[in-house]
Amino acid sequence: MHAPQSPASLDQAKAQGSNRGADHIAPDCAGQNFYAIDRGLRDLLRIYLEPNHLRQLEPHFDRLGALAGGRLDELARTADKHPPVLNARDRFGRDEDWIDYHSSYREMEAIAFGDFQFHAMSHRAGTLDMDRPLPAVAKYALQYLFVQAEFGLMCPISVTDTSIHLIRKFASAELKDYLLPKMLSADAATQWKGTQFMTERAGGSDVGAIETTASCEDGVWRLYGDKWFCSHADADVALLLARPEGAPPGTKGLALFALPRRLKDGRRNTYRIVRLKDKLGTRSMASGEIRLEGAVAYLVGEADQGLKQMMEQVNLSRLSHGVRAAAMMRRCVNEAMVCARNRVAFGKTVIEYPLLRRQLLKIAVPSEQALSMFLFAADAMDRAHAGSQEAESTLRILTPLLKFRACRDNIPVATGAMEVRGGNGYIEEWVQPRLVRDAHIGVLWEGTSNINALDIVTRAVGKSRAHRTLAGELQKLLDEATPIPAAFRNRLRVALERTLVFAERVAAELALEASARQVASCLYHVTSSILMIREAAQPEADARRALYARFVLEHRLSAQDPLEPSPGDWEREAAEIIFSERQVALAEIAGLLDS
Ligand SMILES: Cc1cc2nc3c(=O)[nH]c(=O)nc-3n(C[C@H](O)[C@H](O)[C@H](O)COP(=O)(O)OP(=O)(O)OC[C@H]3O[C@@H](n4cnc5c(N)ncnc54)[C@H](O)[C@@H]3O)c2cc1C
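### Concerning the site of the ligand
At step 1: Lining the immediate environment of the ligand, one finds 20 residues, of which Met198, Thr199, Ser205, Ser231 and Thr448 sit closest.
At step 2: Between Gly204 and the ligand, the recorded distance is 3.0 Å, taken from a backbone N or O atom to an oxygen atom.
At step 3: Take Phe229: an N or O atom from its main chain is 3.1 Å from a nitrogen atom of the ligand.
At step 4: Protein contact buries 65% of the 970 Å² of open area that the ligand shows by itself.
At step 5: Breaking the shell around the ligand down by element, the ones donating at least two residues are strand E3 (194-197), strand E5 (220-231) and helix H13 (449-463).
At step 6: The residue inventory of the shell around the ligand, partitioned by class, reads 9 nonpolar, 9 polar and 2 charged.

Right, here's the structure in full:
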């Protein structure tokens, strides 16, 4: 029997009404500044950006961090619930197909294309008050902050950026004059956004199977065929591959074209968006199917260089996908940490339980690896642009490594973060279900895991020998990381050497092709762990990164006995330190790298 309530407590209960019990539910990250709370990002930007660049850009990182935790997050939540709608014809029955977007999506577009001008920041001065284009490190750091709130729109943003790259690099002077002023504009009324349509029913991975044809009619190229997966379906200009009449079969016969949505006289070009895909994730953004009915297109570059040219765009997209995976994982970490620190079960906050800490480590470590990897890759891109061939080679292998592993890691990380919130993590009013749904696309578009792993083993390792250039850079970083105990650095040296031998063996023996993903994973893990000890060795750095490196070494690059308890003493101590809310110095954890 309940004790009778006093009138005072009855009044209190009535006043609380249905809000009673709300404080049992852990808060989320709404309202946080995602830049301010990201110690890892801030530390690493100090390594990769010149101090004056960082000083100039920091207010923009900070502003975007606040938006990502605030307004953008609200808009992303709404846009996910109101997906785009295709209208096939206007009221007169004309084939003027168009897509309606919710106002929340339009507001996010204004932030991305109008305010921050992501699409143009690598290509011209004048974005974010800068007197020159932004370095790749800054651009990808901004993408990383944006995607912590909104993933779907990053596809149109990035593909506009990469389309501009291709047009600048390969198009004729006349085509550049026609397209670039529109594509580089930040004025929504006049801007032309870009996209890339490659996949057809006959082939996504097998690009050589493409069936779209191009015929030159009265000096104008016209395209006929179907594109099966077209993200940002209503873009103003699409880059696509088609086979000119008489060209050889396979990838050699493919040419690259730019397809405008509207012709020079303002009429709609003769292609149709046939329908939109009903997708698991990226629901705010429109992916559709396109039928080309003699659509006018412009040849870009040499007709027999189509795939080679388009691979530049694919590689840029792959890097951005790695960044997006890193971003979504960071959001997962932030959300999981706030749940774990606030949710009480059996009289304690759940972060106090060793089993839950282990779960948190499985979320945190891959997230930190991806952060280290994408900033190193972005830095290699900046060095390559400055003329370093070594950096170009390093970037060649880092790109598919990041795309392959970070996108795969994103899936268990998102599921893990959902589980940390408990049952609420499965409910659509929280961010976790969206993170789980969005995570899965990373292993599909711009090449599945297998296609990226094969690219790493057969081309980056087998043909380009890029793994040796990467290893040279890593050796140097290991040598320089002198504050880290020598024994630990030696263990990483051995792991690196063994990984290189393994990679070369698999690249050389066709019969070992089924090990391509294993090679790719080892290369990723050894690279990221060396980067993390380099980062931990910086003055005033957060030494947690060295502990993450050890977790990678023990759990991803060393043999485990499934019949022995896994966490040693060092792991318990390391977890204690990692989840303490204070600055961690290298001296404090050096012993944990030796034990
Ligand atoms: C939401 C969404 C949006 C997309 N947007 C675009 C877009 O805007 N533009 C665009 O061009 N494409 C887009 N795509 C297409 C995407 O890039 C392809 O789906 C992807 O490349 C895989 O191609 P596929 O679907 O034909 O699968 P397939 O190539 O048929 O692959 C099927 C399976 O076979 C495996 N496989 C294939 N070849 C090999 C091999 N040699 N060795 C081992 N395994 C192999 C693959 O890994 C995969 O697991 C989008 C896809 C989705 C889901």
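### A short note on the side chain of Asn452
At step 1: With respect to the helices, strands and loops of the structure, Asn452 is situated in helix H13.
At step 2: A polar contact is formed between the side chain of Asn452 and the side chain of Arg318, at a distance of 3.3 Å.

### Re the nonpolar core
At step 1: Ranked by internal contacts, the top residues of the largest apolar core, which has 170 residues, are Leu45, Phe61, Phe118, Ile484 and Ile589.
At step 2: Those residues in contact with Ile589 that sit more than four places away from it in its chain are Ala543, Ala546, Leu547, Ile577 and Val584.
At step 3: In this structure, Trp192, Leu256, Val300 and Leu307 belong to the second largest nonpolar core, which totals 25 residues.

### What about the packing of H13 against helix H16 (residues 516-536)?
At step 1: Direction vectors running N to C along H13 and H16 enclose 75°, while the axes themselves pass 8 Å from each other. By the criterion of interaxial angle, the relationship of H13 to H16 is roughly perpendicular. In this structure, H13 contributes Ser449, Asn450, Ala453, Leu454, Ile456, Val457 and Val461 to the contact, and H16 contributes Ala516, Arg517, Val519, Ala520 and Leu523.
At step 2: When the residues that make up the contact of H13 with H16 are grouped by side-chain class, the tally is 9 nonpolar, 2 polar and 1 charged.

### Remarks on helix H3 (residues 51-69)
At step 1: Compared with an ideal rise of 1.5 Å per residue, which puts 19 residues at 27 Å, H3 spans 26 Å between its outermost C-alpha atoms and is within 8% of the ideal.
At step 2: At Leu57, H3 shows its largest kink, close to 40°, and the proline Pro59 lies no more than four residues downstream.
At step 3: The inward-facing, buried residues of H3 abut helix H2 (39-48), helix H4 (71-81), helix H5 (103-116) and helix H6 (136-147).

### Here's the deal with unusual backbone geometry
At step 1: At Glu446, a residue that is not glycine, the phi angle is positive and equals roughly 55°.
At step 2: Residue position: Glu446 is located in the loop between helix H12 (432-439) and H13.
At step 3: Positive phi, normally seen in glycine, also occurs at Arg465, with a value near 60°.
At step 4: Mapped onto the secondary structure, Arg465 falls in the loop between H13 and helix H14 (466-480).
At step 5: Residue classification places Arg465 among the partly exposed positions, given a relative accessible area of 41%.

### Considerations on helix H7 (residues 154-170)
At step 1: In a regular helix each residue adds 1.5 Å, so 17 residues correspond to 24 Å; H7 covers 24 Å between its end C-alpha atoms and thus fits that length.
At step 2: Judged by how many residues are buried, H7 sits mostly within the fold: 13 of 17 residues are covered.

### Observations concerning the pattern of salt bridges
At step 1: Here the structure, examined in full by the defined rule, presents 56 salt bridges.
At step 2: The salt bridge partner of Arg71 is Glu107, with a shortest N-O separation of 2.8 Å. One end of the pair, Arg71, is in helix H4; the other, Glu107, is in helix H5, with 36 residues separating them in the sequence.
At step 3: Judged by its relative accessible area of 31%, Glu107 is partly exposed.
At step 4: Between Glu428 and Lys81 there is a salt bridge, and its shortest N-O distance comes to 3.1 Å. Residue Glu428 is located in the loop between helix H11 (389-420) and H12, and its partner Lys81 is located in helix H4; the two are separated by 347 residues in the primary sequence.
At step 5: In this structure Glu428 comes out as partly exposed when scored by relative accessible area, which is 36%.
At step 6: Lys81 sits in the partly exposed class, given a relative accessible area of 43%.
At step 7: Overlapping salt bridges, with partners in common, bring together Arg89, Asp95, Asp97, Arg268, Arg272 and Glu293 in one network.

### Structural notes on the pairing of E3
At step 1: What you see with E3 is no split at all: Gly194 and Gln196 on one side and Thr195 and Phe197 on the other are buried throughout.
At step 2: Two strands pair when backbone bridges link them, and E3 and strand E6 (residues 237-244) are joined in this way by 4 bridges, in the parallel orientation. By the bridge assignment, Thr195 is partnered in E6 with Ala238.

### So, the packing of aromatic side chains
At step 1: Inspection of every chain in the model, using the stated rule, returns 11 aromatic pairs.
At step 2: Taken together, a centroid distance of 5.9 Å and an interplanar angle of 70° make the contact between Tyr178 and Tyr298 edge-to-face. Of this pair, Tyr178 sits in helix H8 (residues 173-183) while Tyr298 sits in strand E9 (residues 287-299), and the two are 120 residues apart along the sequence.
At step 3: Since its relative accessible area comes to 16%, Tyr178 is described here as buried.
At step 4: In this structure Tyr298 comes out as partly exposed when scored by relative accessible area, which is 21%.
At step 5: Here a set of aromatic residues connected by ring pairs shows up, and it is made of Phe116, Phe118 and Phe146.
At step 6: A cation over an aromatic ring shows up here: Arg550 above the ring of Trp570, its NZ or CZ 4.0 Å from the ring centre.

### Focus on the pairing of strand E4 (residues 213-217)
At step 1: Of the pairings in the sheet, the one linking E4 to E5 comprises 5 bridges and is antiparallel in character. The residue bridging Thr213 from the neighbouring strand is Tyr224, located in E5.
At step 2: What sits between E4 and E5 in their antiparallel hairpin is a turn of 2 residues, with Asp218 showing a positive phi close to 55°.
At step 3: Of the strand pairs in this sheet, E4 and E6 are connected by 2 bridges, and their pairing is parallel. When the bridges of E6 are listed, Thr213 appears paired with Arg243.

### Description of the environment of Met183
At step 1: Looking at the secondary structure, you find Met183 in helix H8.
At step 2: Separated by 39 residues in the primary sequence, Met183 and Tyr144 have C-alpha atoms spaced 23 Å apart.
At step 3: In this view, Met183 contacts His119, Ser163, Ile164, Ile167, Gln191, Trp192, Gly194 and Val237; residues no more than four positions away in its chain are not counted.

Each value, and the rule that gives it
- Residues numbered from 1 in each chain as written.
- Predicted model: local features only at pLDDT ≥ 70, side-chain atom pairs only at ≥ 80, totals over all residues.
- Heavy atoms only, no water.
- Near = heavy atom within 4 Å.
- Polar contact = N/O pair within 3.5 Å; in protein donor to acceptor, adjacent residues only side chain to side chain.
- Areas by Shrake-Rupley, 256 points an atom, 1.4 Å probe, with all protein chains shown as cover.
- Helix = DSSP H or I, 4+ residues; strand = E, 2+ residues; numbered from the N terminus.
- Nonpolar A, V, L, I, M, F, W, Y, C, P; charged D, E, K, R; others polar.
- Core = buried A, V, L, I, M, F, W, Y, C linked by side-chain atoms within 4.5 Å.
- Buried < 20%, exposed > 50% of the residue type's maximum accessible area, 1.4 Å probe, protein only.
- Contact = heavy atoms within 4.5 Å.
- Axes fitted to C-alpha atoms, helices over the stretch in contact; angles between N-to-C directions.
- Parallel < 35°, antiparallel > 145°, perpendicular 65-115°, else oblique.
- Expected span 1.5 Å × (residues − 1).
- Bend = angle between axes of the 7 residues up to and from the residue.
- Salt bridge = Lys/Arg side-chain N within 4 Å of Asp/Glu carboxyl O.
- Pairing = 2+ DSSP bridges.
- Phe/Tyr/Trp six-rings, centres within 6.5 Å; stacked < 30°, edge-to-face > 60°.
- Lys NZ or Arg CZ within 6 Å of the ring centre and 35° of its normal.

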